[in-house]
Amino acid sequence: MIAIAELGHYALVLALALALVQSCVPIYGARRNDPVLMSVAAPVALAQFGFVAFAFGALVICYVTSDFSVINVFENSHSAKPLIYKITGVWGNHEGSMMLWVLILSIFGALVAIFGTNLPARLKANVLAVQSWVAFTFYLFILTTSNPFFRLEPAPIEGRDLNPILQDPGLAIHPPLLYVGYVGLSISFSFAVAALIEGRIDAAWARWVRPWTLLAWMFLTGGIAMGSYWAYYTLGWGGWWFWDPVENASLMPWMAATALLHSAVVMEKRNALKVWTILLAILAFSLSLVGTFLVRSGVLTSVHAFASDPTRGLFILMILVLFIGGGLTLFAIRAPLLKQGGLFAPISREGALVLNNLFLLSACASVFVGTLYPLALEALTGEKISVGAPFFNTTFWPLFIPLLFAVPFGPLLPWKRADLLGVAQRLLGAAALAVIGIAVTFAAEGGGPILVPFAFGLAIFVITGALTDIVERTGLLRVPLGTAFARARGLPRSAWGTVFAHIGLGVTLLGIVGETQLGTERIAEMKPGQSISIRRYDLHFDDLVDRQGPNYSETAARFTVRRGGELVGTMEPSKRTFPSRGTGTTESALMTRGVGQLYLSLGDLNPDGSIAVRLYHKPLVLLIWLGAVVMVIGGGLSLSDRRLRVGAPKPARSKAVMQPAE
Amino acid sequence: MTRRQRRLALIGSALSVLAVAVALVLGALKDSIVFFNSPTDVAEKHIAAGTRIRLGGLVKEGSVERSDNLRVRFDVTDGKNSIRVAYQGLLPDLFREGQGVVTEGTLDGGGLFKADSVLAKHDEKYMPKEVADALKKSGHWKVDGDKSAGADPQGRTQ
C-alpha cells in the first residue's frame, strides 16, 4: 500500500523548512538591499504552496479512500458516507481545518508572488517574509500538536463518522469561504508589518493593500452569510443569528475589515490616517487569529480545553501573543516615524469615514467584551456566566444604528470639508421615500411595536440614500435617459461598488426587521389529518412516512400547503437517525414565497402517534442573505476597478491644492 | 479651524463614542448576564425567586413527565441535589434521560424551576462543559474515554 499519509506528512515538513527560508532570507536581502536574496521569496512561496497543496491532497485521498488507519480519518469519517461529505469532512475537525487554513495561506502567498510584480522589490520581499512567519508558525503548530497524518495500529474496520449535523452542503461552502476571509486578512497584516519594518508608507501602499483586503472582506461577508443561512435551515429553530461565540468570532474580523477598507480609502485618496490604517490592518488579522483559534480549539467554550490539552492550548496562546503582541509592539515603536498625512475638517468625507471607523470599532469592541468576558471571569473567579442575545442587542444595535443613519451621508460629502446642510438637502428625496415607507408600514401594521416602522424607514433611507449618489452623478432625473446611461457607464467601478455595498446593507436590514419583528411562530402537537394555519396559509398534515437514505433512516411528515384554499405546494420536514453514531438530526422544510419563507420543523414523536411541530412564517427573511450577496457584488465591482490594477499612484490632487483654505 | 482645534474635535468625538460604548457595555453586563448554577448551587446559594439563571445537570432517569400542549416536567440533578423543571415547547433533538442539559429560566416560590429555554449543546460524546464541571464537583463524573475537547463549532443547538 502506498503510504500516502506519510508522503503528506513529509510534504508538510518540507513546507515548514521552506517557510523558514522564506522567513529569513528575503528580509535579510531587503536590509542589505541585495536583489538576489530578495528575489528568493517569490519562487519559494510558490514551492511552499506546492508542498502544502500536496499535503492537503494526501489527506483528502485518505478520506476518500476511507483509510481508517489514519486516526483523523477514523475519528471523523465513515465508509458509507456520500463522497461529497467524505471530502468536506476533511475540514470538519480541528486538524483538518488547520490544514485548510495553511492551504489557503499558501495560496495567498503564491498569489502575492505572482501578482505582486508591480510592487517595489523591498516591499514585496518583506511582505512575503512576514507572510511566511505566519505560515511557519502554523506548520509548526500542526506538526507538533494537531498532526492529521498519525496512524492507528491496528487499523479499525470502520470509522466513527462525521457529526450528522455537519453532513450538509453547508460544510462544503461555509468554512472555506470564511477561511479565505480570515487568511486573506493576513496579507493586509503582512503589508502593515512590512511597512513598519521599512518605516515608510505612502498612498501607493494603500492601493496595493486595498484589493487584498477587499477580497478577504468579500469572502468573509459571503462566509458569514452562508454560515448564518446554514444555521437557519439546519438547526430547526428558525434563528439565523444566535450571538454565539462562534458567530461573534467571524463578525469581529468582518467589522475590523470593513473599517480597514474605509480608512484605506482615505489613505489612498488623501494620504491621511496612515498610522490608523496600519493599526487597523494589524487588528483585523489579530481578530481573525482569535476567531480561528479560540473557536477551533474549543477554548471559547471552556477554559479547561487548556487543561485537557496543555500543549495545544499553550501553543495557541503563544501564537496569539507573538503575532498580536509582536505586531502591536512593532507598531508602537515604528509608528511615530511615519509621516502625518493631509489635513481635513471634521465635516468632510474623511470625517465621515473616521466616524464610520469609530462606530464600527466600538461595536466590534462591545462584541469582543461580550464574547470574552465569560472566559475571563471564569478564569479569574470560577464563576460561570452566559452572555447572550440580550447583551448584544443592547450594546451592538445602539452603536450600529447611528452608523446606518450616517451611511447615506458619507459618499455625498466632498473631501476635505463639506457643507452638511447642503448634503442633507440632497438627501431630502431619500428621506421623503423613507418617511413614506414609515407611513405605509405604520398603516399596514397598525398597533405593532412603534420601532418597526422606523426601522423600515431607516433601511429604506440607507438604500435610497445610496442610490441618490448615483442619481446625482448621472443626472438621471435632469438629463435625457441616454446621456444618464452613458454617464453611468463612465462612472468608476468603485463608485458602483460603494453603491451596491451600501444598498446591500439596507437590504439586509430590511430582512432583519421583517424576520424579527413581523414573523409569527406556532407550536403544536398534531396527528395525521389535522391542519394548522399561520397568517393566510393552511397546512394539512397528510401522513408520516419512513424512508431510507444513504447512511441514515428518516421519518418524514408530509404536509400540503394551501393559501386561501388554493394549493401552493407540499412540505416534508423529517427526523433522521444516523446508526453509525446513534444520533439524529432534524431536517426542517422551507417553502419560499417571494422573499419570505414558511419554515416547518419536527419535534418529538409521541407514543399516541402525534408529533410536535414548530411552524414559522418569516416575511422578508431571504433579504438578510440577499443583502449580503449584494454587498459581495459591490465588493467585486470595486475590486474590478481599473485603478486597483494598473498604473502608478494617482493622488486625487497635487500637494499644493491639498492645503485646505482656513 | 486650526489644526489643533480639528484634532480636538476628532479626539473629542472619538472619546464620546467610546464613552457611549463603555456605558452600554457596562449597563448590559449589569443587567443581561445570566449565572450558571448546578442544583447544589441553587440549594446552597439561596437564589431568590425570579432571578434569571441557567440551571444545568443531568436529566434524572425516569423523571420526564409529559402532558398536553407540549408541557413537560423533569428533574435536573447533579447526583447530590435535584430540581424540578417545568417547560413548555419543543425539546432539542438530544434531550434524553440520563443526558446533560442546560436550562434557562427562573425559580418560582415553591422550588420549581420554570425554564423558557432548554439547551442540549452537545452530541453523544460532548457534555455541556458547565454540566461536566458541576458533576466533577459533586463527584458524579464518569470518564467515558471519549475526548470531549474540540466541539464542532456548528454543533450548536439551541
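Since the structure is predicted, the reported quantities are computational estimates derived from the model, not experimental observations. (Residues numbered from 1 in each chain as written. Chains lettered and ligands numbered in written order. Predicted model: local features only at pLDDT ≥ 70, side-chain atom pairs only at ≥ 80, totals over all residues.)

1. Re the overall build of chain B
Selection criterion: Secondary structure counts use DSSP, requiring at least four H or I residues in a row for a helix and at least two E residues in a row for a strand, with both numbered from the N terminus. The burial label depends on the number of other C-beta atoms within 10 Å of a residue's C-beta. Counts of 20 or more mean buried, 12 or fewer mean exposed, and intermediate counts mean partly exposed, with C-beta atoms placed from the backbone. We call two residues in contact whenever the C-beta atoms placed from their backbones are within 7 Å.
Regarding its fold elements, chain B presents 3 helices and 7 strands. Ordered by position from N to C terminus, the α and β elements of chain B give α-β-α-β-β-β-β-β-β-α. Taking all 158 residues of chain B together, the buried fraction comes to 41%. Nonlocal contacts in chain B, meaning residues at least 24 apart in sequence, comprise 52% of its contacts between residues at least 6 apart.

2. Observations regarding the overall build of chain A
Note the threshold: Our radius of gyration is a C-alpha quantity, and the globule rule it is checked against amounts to 2.2 Å times the number of residues to the power 0.38.
The helix and strand inventory of chain A stands at 23 helices and 11 strands. What you see for chain A is a C-alpha radius of gyration of 27 Å, in line with the 26 Å of a compact globule of 662 residues. Dimensions along the principal axes, computed over C-alpha positions, put chain A at roughly 85 × 70 × 55 Å. When each of the 662 residues of chain A is scored for burial, the buried share is 53%. In chain A, once contacts between residues fewer than 6 apart in sequence are set aside, the share between residues at least 24 apart is 74%.

3. Overview of the confidence of the model for chain A
Operational definition: Per-residue confidence from the predictor is given as pLDDT, running between 0 and 100.
On average, residues of chain A score 87 in pLDDT, and 94% of them reach the 70 mark or higher. In the predicted structure, residues 646-662 of chain A sits below a pLDDT of 50 and forms 15 contacts with residues beyond four places in sequence or in another chain.

4. What to know about the domain arrangement of chain A
A common way to report how large an interface is uses the accessible area buried once the components associate. For clarity, the cut-off: Residue ranges labeled as domains rest on an automatic or database domain assignment. Put simply, Ala, Val, Leu, Ile, Met, Phe, Trp, Tyr, Cys and Pro go in the nonpolar bin, Asp, Glu, Lys and Arg in the charged bin, and everything else, Gly too, in the polar bin.
The assigned domain composition of chain A is domain 1 (1-166) and domain 2 (520-618). Among the residues forming the side of domain 1 of chain A that touches domain 2 of chain A, the class breakdown is 4 nonpolar, 1 polar and 2 charged.

5. Topic: helix H7 (residues 121-145) of chain A
Think of an α-helix as 3.6 residues a turn; residues three or four steps apart then line up on the same face. Our working definition: Multiplying one less than the number of residues by 1.5 Å gives the expected span of a helix.
If you check H7(A), its first and last C-alpha atoms are 36 Å apart, about what 25 residues at 1.5 Å a residue would give, namely 36 Å. Across the 25 residues of H7(A), 19 count as buried, placing the element largely inside the fold.

6. Looking at the pairing of strand S5 (residues 553-563) of chain A
Residues and elements named next belong to chain A. The condition is simple: Strands are treated as partners if at least two bridges between them are detected by DSSP.
One ladder, built from 11 bridges, connects strand S4 (residues 537-548) with S5; its direction is antiparallel. Considered in S5, the bridge of Asp546 is made with Thr555. A loop of 4 residues connects S4 with S5, the two strands running antiparallel in sequence. Both S5 and strand S7 (residues 574-578) contribute to a ladder of 4 bridges, which runs antiparallel. Within the sheet, the bridge partner assigned to Ser553 lies in S7 and is Thr577. Sheet analysis places S5 next to strand S6 (residues 566-571), joined by 5 bridges and oriented antiparallel. Across the sheet, Val561 pairs through a bridge with Gly569, a residue of S6. With antiparallel pairing between neighbouring strands as the criterion, S5 and S6 make up a hairpin whose turn holds 2 residues, including Gly564 at a positive phi of roughly 55°.

7. Quick look at helix H9 (residues 203-235) of chain A
Residues and elements named next belong to chain A. Basically, it comes down to this: What we call the bend at a residue is the angle made by axes fitted to the seven residues finishing there and the seven residues starting there.
With 33 residues, H9 extends 47 Å from end C-alpha to end C-alpha; this agrees with the ideal 48 Å at 1.5 Å per step. If you look at H9, its biggest bend is around 30°, right at Val209, and the proline Pro211 turns up within four residues after that. Once H9 finishes, Gly236 follows within two positions and takes phi at roughly 75°, a positive value.

8. Brief notes about unusual backbone geometry
All names here are of chain A. Geometrically, the link from Glu153 to Pro154 is a cis peptide bond, its omega value of -5° lying close to zero. Of note, Pro154 is situated in the loop between H7 and helix H8 (169-198). Although it is not a glycine, Asp161 adopts a positive phi angle of roughly 80°. Within the fold, Asp161 resides in the loop between H7 and H8.

9. Quick word on the nonpolar core
Convention followed: The term nonpolar core refers to a group of buried residues, namely Ala, Val, Leu, Ile, Met, Phe, Trp, Tyr and Cys, whose C-beta atoms join them within 7 Å.
Counting residues in hydrophobic clusters, the biggest one holds 186 residues, and the most contacted among them are Val102(A), Ala256(A) and Ala281(A). The element best represented in this core is H9(A), accounting for 19 residues. Ignoring sequence-local partners within four residues, the contact set of Ala281(A) consists of Ser188(A), Phe189(A), Phe191(A), Ala192(A), Val209(A) and Leu260(A). Judged by nonpolar contacts, the second largest core, of 21 residues, contains Val42(B), Leu55(B), Phe74(B) and Leu91(B).

10. Things to note about the packing of helix H6 (residues 94-115) of chain A against H8(A)
All names here are of chain A. Quick note on the threshold: Working convention: axes come from line fits to C-alpha atoms, limited for helices to the stretch in contact. Angles between N-to-C directions cover 0 to 180 degrees. Any angle between 65 and 115 degrees counts as roughly perpendicular, while under 35 counts as roughly parallel, over 145 as roughly antiparallel, and the rest as oblique. The hand of a helix crossing depends on one turn: near helix anticlockwise from the far one by less than a right angle means left-handed, and clockwise means right-handed.
In the contact formed by H6 and H8, the axes pass within 9 Å of each other and the chain directions differ by 50°. What the angle tells us is that H6 and H8 run oblique. Two packed elements cross with a definite hand, and for H6 against H8 that hand is right-handed. On the side of H6, the interface is formed by Ser97, Leu100, Trp101, Ile104, Leu105, Phe108 and Val112, while H8 contributes Pro175, Pro176, Tyr179, Val180, Val183, Gly184, Ser186 and Ile187. A class-by-class count of the residues in the contact of H6 with H8 yields 12 nonpolar, 3 polar and no charged.

11. Quick notes on the environment of Leu235(A)
For Leu235(A), the location among the structural elements is in helix H9. Taking C-alpha positions, Leu235(A) is 33 Å from Leu380(A), a pair spaced 145 residues apart along the chain.

12. Here's the deal with the sheet that holds strand S10 (residues 596-605) of chain A
Residue and element names in this part refer to chain A. Judged by pairing direction, the sheet is antiparallel, and its 4 strands sit side by side in the order S2-S11-S10-S9 without closing on themselves. What marks the edges here is a single partner per strand, and that holds for strand S2 (520-526) and strand S9 (589-593). The sheet shows a mean angle of 15° between the axes of neighbouring strands, taken without regard to direction. As paired elements, S9 and S10 share 5 bridges and run antiparallel to each other. Residue pairing in the sheet places Thr592 in a bridge with Gln597 of S10.

13. Some thoughts on the packing of H9(A) against helix H10 (residues 245-270) of chain A
Residue and element names in this part refer to chain A. With their axes 9 Å apart at the nearest point, H9 and H10 run at an angle of 150° to one another. Classed by the angle they form, the pair H9 and H10 counts as roughly antiparallel. Remark: the crossing between H9 and H10 carries left-handed chirality. Of the residues contributing to the contact of H9 with H10, the split by class is 16 nonpolar, 6 polar and 3 charged.

14. Some thoughts on the environment of Leu320(A)
Residues and elements named next belong to chain A. With respect to the helices, strands and loops of the structure, Leu320 is situated in helix H13 (residues 310-334). Residues Leu320 and Ala249, spaced 71 residues apart in sequence, show a C-alpha to C-alpha distance of 14 Å. Non-local contacts of Leu320, meaning those with residues more than four positions away in its chain, are made with Leu289, Val290 and Phe293.

15. Quick look at the environment of Leu600(A)
Residue and element names in this part refer to chain A. Locating Leu600 in the fold gives a position in strand S10. Note on Leu600: 25 C-beta atoms within 10 Å, which makes it buried. As a C-alpha pair, Leu600 and Ile385 span 215 residues in sequence and 32 Å in three-dimensional space. Excluding residues that lie within four positions of it along the chain, Leu600 makes contacts with Phe559, Met571, Pro573, Ser588, Ala589, Val613 and Leu615.

16. Regarding the confidence of the model for chain B
Residue and element names in this part refer to chain B. Looking at chain B as a whole, the pLDDT averages 76, with 75% of positions reaching at least 70. Per-element mean pLDDT across chain B ranges from 65 in helix H3 (residues 129-137) up to 91 in strand S5 (residues 82-88). Contacts of residues 122-126 to residues separated by more than four positions or lying in other chains number 15 contacts, the stretch itself having pLDDT below 50. Interface confidence for the predicted complex, expressed as ipTM, amounts to 0.76; the pTM equals 0.89.

17. Observations regarding the pairing of S5(B)
All names here are of chain B. Pairing between strand S4 (residues 71-77) and S5: 7 bridges, direction antiparallel. The residue bridging Arg71 from the neighbouring strand is Gln88, located in S5. Count of turn residues in the S4/S5 antiparallel hairpin: 4 residues, of which Gly79 carries a positive phi of about 95°. One ladder, built from 2 bridges, connects S5 with strand S7 (residues 113-119); its direction is parallel. What sits directly across from Val85, in S7, is Phe113.

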